[in-house]
Every structure is written in C-alpha cells, then in structure tokens.
Amino acid sequence: MTHMPSRAIVAADMNRDGRIDLVALSEVSGLDQKPMTAGVVIFWNDPAGWRAQMLPGSAGLFGDDVAVGEVNGDGVPDIAVGNLDGGRREFAWLSDGAGGWRAETDGLPELTLGWSVQLVDLDGDGSDDLLLGAGGPPSNENAGPRAYRWDGKRWRGLSQGLPQVSWVVGVAAADLYGDGAAEIIAAGMHTGVVHVYGRQADGAWSERHTLTVPNGEGLRNYKVRAVSDDALKQGLVVANYAGESGGKILAWTWQRE
Ligand SMILES: [Ca+2]
Ligand SMILES: [Ca+2]
Ligand SMILES: [Ca+2]
C-alpha cells in the first residue's frame, strides 16, 4: 500500500497459516493528505507478496496504537485500536467465524479518545479483555484507565474502582505481584505519575502503588509496557516521555517480596 501514513503497527499471524501478517492503523490525516484515512488495514503476508485488506467499517478511523489478542475464544486473533476520533466508538474488531472481522461497539463508551490500547486477560477467565488509556472531558466520565470484557454479545464494564481522570495515555497490564492476577499500569498524560492498580476479590480495582517520574514536568507520556517473570520473581515497567525540551524513557524494576 503506497499511501498509508501510520503510527501504529503490530505483527501477528492473523489467518494461522504460519506466516506472520501485519495490522496497521492510520494516523490522523494532515492538511496535505486525503481527508479519509484507510482506517484499520491487515497486510497479508502471502507467498506471492503483501496484500492489503481494509477492515469493514474502519475507513476514516485514525489513532496511535493497535493491539492483537484473543477475545472471543475462536482462536483467530482479534484486533483493538486506539481510536482517536472522539465521535466514533470502534475500538475493537472481533473475528466473525467466517474469515472476517466485525467492529463490535455495543457497550463501549461514547466521546472517548483511546490514546493507547491493550488486549490482556484482566479477570482471569482465559479470554483477553479490552484495556484503554482513555481521554475525554471529565463530565463524560469515560476517561482514565478503562477496562471491558466481551460477554459474547456485547462489552461489559470491568472498570469498577478505576479513577475517572481526564487524560491517561499509556496503559499496560502484567502480574507484577505474582499472585496470578494482572495489575493495570496507567500513566497520566502530563502528571509525571504512573499508577498501579490491583483487582480485589470483589472485582473492584484499587491503587497499590504509585511511580513518580523525576523531573517529569512538561513531559508527555506516550506508552507504557510491563512484563513479569515468575522464575526471576521480577517485573519491569517501562514508560516513554517526550516534550519540547527533550524526553526520556524510564524503567522500573519490580522485585517481589
Ligand atoms: Ca498469516
Ligand atoms: Ca477471536
Ligand atoms: Ca478475561
């Protein structure tokens, strides 16, 4: 595809033929570009060459993040996008059982910007859930770290206890404490603070730890990633920041008790 400005791409074998494919999301169209973006595009790694397939219902969409996981249990990867068009709520395309993908929006928030997105199992049922680093006006009460699980027909909120703050950007999830349940790690856009939330027995999230970015004033967060290693009893949280006067990448190691 010769014209696809993109800031978000992920590699996965989308049709399970043993060849790794690519999924990309368009970036916002600039003044010198076509007003209608391609949206979400799968680049099939065919033996004869790359072949682009635009996902139905995604034309015009744009954003900065894309993720692949398994949401609906059919073994075919599903797609989540950090949709930054506040007027649309297409954040996920699920495999439709017929070789295609369908946007599933029922239960997802309106007037929300998805700065970053992850597909990760947050409630421990074996299926990936949708984790958004969401922005939007406080009155909308849809911003902050937001989580949703797919019940087979629609999305259900999994955000109980998570704060509703206006501008959360990077989100990630990993089992930092080694208790078998994933924590949510969320970075504020301009706050210089990264919050770690754990899920309690009643399903509500509560803050377990706060990480502070030294001299973080004036820096904007873009992404957070986290991994945890059971053998080493260690975790790692990484966040990247940029601003007019520079930027930094910060990593925190996580030693379990
Ligand atoms: Ca493939
Ligand atoms: Ca699937
Ligand atoms: Ca789940």
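About the thresholds
- Residues numbered from 1 in each chain as written.
- Chains lettered and ligands numbered in written order.
- Predicted model: local features only at pLDDT ≥ 70, side-chain atom pairs only at ≥ 80, totals over all residues.
- Helix = DSSP H or I, 4+ residues; strand = E, 2+ residues; numbered from the N terminus.
- Rg over C-alpha atoms; globule rule 2.2 N^0.38 Å.
- Buried ≥ 20, exposed ≤ 12 C-beta atoms within 10 Å, placed from the backbone.
- Contact = placed C-beta atoms within 7 Å.
- Pairing = 2+ DSSP bridges.
- Axes fitted to C-alpha atoms, helices over the stretch in contact; angles between N-to-C directions.
- pLDDT = per-residue confidence, 0-100.

> Talk me through the overall build of the protein chain; I want residue IDs and the actual numbers.
In terms of regular secondary structure, the protein chain is built from zero helices and 19 strands. Whereas a compact globule of 257 residues would reach a radius of gyration of roughly 18 Å, the protein chain reaches 18 Å, a difference of no more than 12%. Dimensions along the principal axes, computed over C-alpha positions, put the protein chain at roughly 50 × 40 × 35 Å. Among the 257 residues that make up the protein chain, the fraction classed as buried is 42%.

> I'd love a proper account of the environment of Ala181, names of residues and values included.
Along the polypeptide, Ala181 turns up in the loop between strand 13 (168–174) and strand 14 (183–188). Residues Ala181 and Ala92, 89 residues apart in the sequence, show an inter-C-alpha distance of 23 Å. Once residues lying within four places of it in the same chain are set aside, the contact partners of Ala181 are Gly124, Asp175 and Arg199.

> An account of the sheet that holds strand 16 (residues 205–212) is needed here, citing residue identities and associated values.
Here four strands make up an open sheet; going across it, the order is 13-14-15-16 and the pairing antiparallel. The outermost strands of the open sheet, each flanked by one partner alone, are strand 13 and strand 16. On average, each strand axis in the sheet is tilted by 25° relative to the strand beside it, whichever way the strands run. Two elements, strand 14 and strand 15 (residues 193–199), share four bridges in a ladder whose sense is antiparallel. Within strand 15, the position partnered with Ala186 by the bridge is His195.

> Hey, could you go over the sheet that holds strand 10 (residues 129–135) for me, with residue numbers and the actual values?
If you walk across this open sheet you meet the four strands as 9-10-11-12, and the pairing is antiparallel. Lying at the two open borders of the sheet, with one neighbouring strand each, are strand 9 (113–120) and strand 12 (155–157). Within this sheet the neighbouring strands show an average axis-to-axis angle of 30°, counted without direction.

> Describe the environment of Gly178, listing the residues and the values that go with them.
Position of Gly178 relative to the elements: it lies in the loop between strand 13 and strand 14. On the basis of neighbour count, Gly178 is assigned to the partly exposed category, with 15 C-beta atoms found within 10 Å. For the pair Gly178 and Glu90, spaced 88 residues apart in sequence, the C-alpha separation works out to 33 Å. For Gly178, the contacting residues outside a window of four places in its chain are Ser228, Asp230, Lys233 and Arg256.

> Tell me about the confidence of the model for the protein chain, residues and numbers included.
The predicted model of the protein chain has a mean per-residue pLDDT of 93, with 98% of residues at 70 or higher. Confidence scores differ between elements of the protein chain, with strand 19 (residues 246–255) showing the lowest mean pLDDT of 93 and strand 7 (residues 92–95) the highest of 98.

> So what's going on with the pairing of strand 7? Which residues, and what values?
Direction of pairing for strand 6 (residues 78–83) relative to strand 7: antiparallel, over a ladder of two bridges. If you follow Ala80 over to strand 7, its bridge partner there is Ala92. Direction of pairing for strand 7 relative to strand 8 (residues 101–103): antiparallel, over a ladder of three bridges. Looking at strand 8, one finds that Trp93 is bridged to Ala103.

> Can you tell me about the pairing of strand 19, naming the residues and giving the values?
With ten bridges joining them, strand 18 (residues 234–243) and strand 19 adopt antiparallel strand pairing. Bridging from a neighbouring strand, Ala242 pairs with Gly247 of strand 19. Taken together, strand 18 and the strand that follows it, strand 19, pair antiparallel across an intervening segment of two residues.

> Which residues make up unusual backbone geometry, and what values do they have?
Located in the positive-phi region is Leu111, a residue other than glycine, with phi close to 50°. Along the chain, Leu111 turns up in the loop between strand 8 and strand 9. Non-glycine residue Asn215 carries a positive phi angle of around 50°. In this fold, Asn215 is placed in the loop between strand 16 and strand 17 (220–229).

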